[in-house]
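# Secondary and tertiary structure notes
Given next are the chains, with one letter for each unit.
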Amino acid sequence: MSGIVKGNLGRGSGAVHTPSAFSVSKSSAQGIDHDTITLITWDTAYLNVGSDFDLSNEKYVCPSDGMYFFSFGISVTANENSKFTLGGAYFYRNNSHDITGANLQILSSPYFDARSNPIRMYNASKAVIVNCTAADYFTLKAWYNDEDGSGDQGGLVNHYYTHFQGYKILTE
């Protein structure tokens, strides 16, 4: 397995590994508008080792170069009698949807297409490993389109099933 991932865990090599890890969620639902990519807000930090997740700006900031593991799950519910036809979660790095630099958004952002059978709720989750540099920052956004396209009913990011976690796994 040697050579697959370069880096070290900071053991035995003299390297210093500064731990960084977070786990955040929501304590209440968040409204989102039809056909609008919306930043998900967070208000509860269950874990924030290194204080690298900034609840006031809704983002995690990498404290140093290295490999990081991120995972998230979101649940969005249509209001009233509306139904979703399209939607998804977007994982952003430095306010860019292309977190890998290879134009492979599908690797980091789950998406659904229910135009043939509109739905009332969608859940999306993903886990990714990203090679980061110090000061890279990550946010999570959501969007949807409703059945009639009016956006009259809106959607809610459900706080019971929405979470975002990450931690540094390797030091460069």
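Residues numbered from 1 in each chain as written. Predicted model: local features only at pLDDT ≥ 70, side-chain atom pairs only at ≥ 80, totals over all residues. Heavy atoms only, no water.

### Describing the overall build of the protein
Helix and strand content of the protein: zero helices and 13 strands. Its helices and strands taken in sequence order, the protein reads β-β-β-β-β-β-β-β-β-β-β-β-β from the N to the C terminus. When burial is assessed residue by residue, the protein has 45% of its 172 residues classed as buried. At a minimum sequence separation of 6, the contacts of the protein that also span at least 24 residues come to 77%. Accessible surface, the protein as shown: approximately 8,800 Å² in total, 50% of it carbon and sulfur. (Helix = DSSP H or I, 4+ residues; strand = E, 2+ residues; numbered from the N terminus. Buried < 20%, exposed > 50% of the residue type's maximum accessible area, 1.4 Å probe, protein only. Contact = heavy atoms within 4.5 Å. Areas by Shrake-Rupley, 256 points an atom, 1.4 Å probe, with all protein chains shown as cover.)

### Structural notes on the nonpolar core
Generally speaking, a soluble globular protein has its nonpolar side chains buried in company with each other. Formed by 30 residues in total, the largest nonpolar core has its most connected members in Phe70, Ile74, Phe138 and Phe164. Looking at this core, the elements that each hand over two or more residues are strand S1 (21-25), strand S7 (66-78), strand S8 (84-93), strand S10 (121-132) and strand S11 (137-146). Apart from the residues lying within four places of it in its own chain, the contact partners of Phe164 are Phe22, Ser23, Val24, Trp42, Phe53, Phe70, Ser71, Phe72, Phe91 and Phe138. (Core = buried A, V, L, I, M, F, W, Y, C linked by side-chain atoms within 4.5 Å.)

### What about the confidence of the model for the protein?
On average, residues of the protein score 79 in pLDDT, and 76% of them reach the 70 mark or higher. Considering each helix and strand of the protein separately, the mean pLDDT is smallest for strand S9 (residues 111-113), with a value of 70, and largest for strand S6 (residues 59-61), with 98. (pLDDT = per-residue confidence, 0-100.)

### Re unusual backbone geometry
Even without being a glycine, Asn94 presents a positive backbone phi close to 50 degrees. Position of Asn94 relative to the elements: it lies in the loop between S8 and S9. Of note in the backbone geometry, Ala135 takes a positive phi value of approximately 80 degrees without being a glycine. Considering the arrangement of structural elements, one finds Ala135 in the loop between S10 and S11.

### Examining the packing of aromatic side chains
The relation between two aromatic rings is expressed through the spacing of the ring centres and the mutual angle of the planes. As enumerated under the stated definition, the model contains 18 aromatic pairs in all. Relative to Tyr68, the ring of Tyr60 has its centre 6.1 Å away and its plane inclined at 65 degrees; by these criteria the two rings are edge-to-face. Given the relative accessible area of 0%, Tyr60 is considered buried. Centre to centre, the rings of Tyr90 and Trp143 are 6.4 Å apart; their planes meet at 25 degrees, and the pair counts as stacked. With Tyr90 in strand S8 and Trp143 in strand S11, this pair connects stretches of sequence that are 53 residues apart. Among the aromatic residues, ring-to-ring pairing joins Phe22, Trp42, Phe53, Tyr60, Tyr68, Phe70, Phe72, Phe91, Phe138 and Phe164 into one connected group. The ring of Tyr137 has Lys59 lying over it, and the distance from NZ or CZ to the ring centre is 4.2 Å. Geometry around Tyr92 places Lys141 over its ring, the cationic atom sitting 4.1 Å from the centre. (Phe/Tyr/Trp six-rings, centres within 6.5 Å; stacked < 30°, edge-to-face > 60°. Lys NZ or Arg CZ within 6 Å of the ring centre and 35° of its normal.)

### Points about the environment of His163
Structurally, His163 can be placed in strand S13 (residues 163-171). The partly exposed category is assigned to His163, whose relative accessible area is 31%. Between the C-alpha atoms of His163 and Ala45, which are 118 residues apart in sequence, the distance is 10.0 Å. A distance of 3.0 Å separates polar atoms of two side chains, one belonging to His163 and the other to Gln165. (Polar contact = N/O pair within 3.5 Å; in protein donor to acceptor, adjacent residues only side chain to side chain.)

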